[in-house]
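For reference, the chains in residue letters:
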Amino acid sequence: MNDKYILSTNELENAIDYLDKAAYYFNNRDDKYWFKWLMISLHGALYGFGVCAVKGIVPERVLEMRLGTKRFEQKRKEIIDFYRNDLRFDLEGNEKILDRTVEYNLSQLLSIHEILEKCQDESIMKQKLSSKTLKITDLQQEAINRMVSYRNDFAHFKPKDISVITASEGWIVKEVVGVIKFLALESCNIPYNNNYSLQKVVRILEKFDL
């Protein structure tokens, strides 16, 4: 199959893509809805790099792992049946792997606010000798709250009218990008698999002329 019909990504590439889109809409304002897409993509970038910085090599750090017994058992049966009937493999003799698979797949990603709290927790962020812990200023927190509010309004649009004086909201971008820059480049917790991805993040951040 032609590669152009296949989407392959991961949590880091997803965060980089959001950052790239945020830079695009920050610098291209001909589209009537540029501010909407800027807030949505900026939110995705902050959330994504926060997840990467907290996760390290332990995905469970960014997931809500508590599941109800009924839901867990129902999903457990579905996975056993899928492996047995579709893959011709019996998982019942591998209870530890089976239960972990169910727990992981049913768990929800922590909210952006929970992720950012973990980014400020030294016991979580100190994963390496070079690791640094995020310290969010009051102004940065205000900017994050405003961005999240805009993003939620746009992404979950209720029947209403919205008017935003976008010229007065540039400070939001400046403060949020500052947090993203720390997480992406200065926390030293994000495992870039190659220098190309790292340099791409550097180049994108330079597009925010703030």
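On a predicted model such as this, the values are computed, not experimentally measured, just so you know.

Visitor: Please give an account of the side chain of Asn189 that cites residues and values.
Guide: Secondary-structure assignment places Asn189 in the loop between helix 8 (170–186) and helix 9 (195–206). Since its relative accessible area comes to 3%, Asn189 is described here as buried. At 2.8 Å, the side chain of Asn189 forms a polar contact with the backbone oxygen of Met125. Separated by 2.5 Å, the side chains of Asn189 and Ser131 make a polar contact. If we skip the residues at most four places from it in the chain, Asn189 touches Cys52, Ala53, Gly56, Met125, Gln127, Lys128 and Ser131.

Visitor: Go over helix 2 (residues 34–55), please, and point to the residues and values.
Guide: Between its first and last C-alpha atoms helix 2 spans 31 Å; for 22 residues at 1.5 Å apiece the expected length is 32 Å, and the two agree. Among the 22 residues of helix 2, 20 are classified as buried, and the element is accordingly described as predominantly covered. The positive-phi residue at the C-terminal boundary of helix 2 is Gly56, with phi of around 60°.

Visitor: Explain the nonpolar core to me, and be specific about the residues and the numbers.
Guide: In this structure, Met39, Leu46, Phe49 and Leu183 are the most contacted members of the largest nonpolar core, which totals 54 residues. Mapped onto this core, the elements with two or more residues apiece are helix 1 (11–27), helix 2, helix 5 (112–119), helix 6 (122–125), helix 7 (138–155), helix 8 and helix 9. In terms of residues, this core owes the most to one element, helix 2, which gives 14 residues. Apart from the residues within four sequence positions on either side, Leu46 is in contact with Ile112, Leu116, Ile144, Met147, Val176, Val179, Ile180 and Leu183. Core analysis: the second largest hydrophobic core is formed by 7 residues, Phe72, Ile80, Leu98 and Val102 among them.

Visitor: Explain the packing of helix 2 against helix 5 residue by residue, including any values.
Guide: Direction vectors running N to C along helix 2 and helix 5 enclose 45°, while the axes themselves pass 9 Å from each other. Comparing the axis directions of helix 2 and helix 5 gives the class oblique. Read as a crossing pair, helix 2 and helix 5 show a hand that is left-handed. Contacts between helix 2 and helix 5 involve His43, Leu46, Tyr47, Gly50, Val51 and Val54 from the first element and Ile112, Ile115, Leu116, Lys118 and Cys119 from the second. Here the residues of the contact of helix 2 with helix 5 sort into 8 nonpolar, 2 polar and 1 charged.

Criteria and thresholds
- Along every chain, residues carry numbers that run from 1 in the direction the sequence is written.
- Under the rules for a predicted model, residues below a pLDDT of 70 receive no local features and side-chain atom pairs below 80 are neither given nor counted, while totals for whole chains, interfaces and linings still include all residues.
- Side-chain measures here rest on the full set of heavy atoms in the structure, leaving out hydrogens and waters.
- A run of H or I in DSSP counts as a helix once it spans at least four residues, and a run of E counts as a strand once it spans at least two, with each numbered from the N terminus.
- Think of it in three bands: with a 1.4 Å probe and only protein chains considered, a residue is buried below 20% of the maximum accessible area for its type, exposed above 50%, and partly exposed in between.
- What qualifies as a polar contact is a pair of N or O atoms within 3.5 Å, subject to a donor-acceptor requirement within protein and to the restriction that residues adjacent in sequence count only when both atoms come from side chains.
- The contact definition used throughout considers only heavy atoms, calling two residues in contact when any of these lie within 4.5 Å.
- What a helix is expected to span follows from its residue count: subtract one and scale by 1.5 Å.
- For this analysis, a nonpolar core means a set of buried residues of the types Ala, Val, Leu, Ile, Met, Phe, Trp, Tyr and Cys, connected via side-chain atoms within 4.5 Å.
- Axis angles are defined between N-to-C directions and span 0 to 180 degrees, where every axis is a line fitted to C-alpha atoms and, for a helix, only to the segment in contact.
- In these notes the angle categories are as follows: under 35 degrees is roughly parallel, over 145 is roughly antiparallel, 65 to 115 is roughly perpendicular, and the rest is oblique.
- It is the rotation of the near helix from the far one that decides the hand of a crossing: anticlockwise by less than a right angle makes it left-handed, clockwise makes it right-handed.
- Think of it as three bins: nonpolar holds Ala, Val, Leu, Ile, Met, Phe, Trp, Tyr, Cys and Pro, charged holds Asp, Glu, Lys and Arg, and polar takes everything else, Gly as well.

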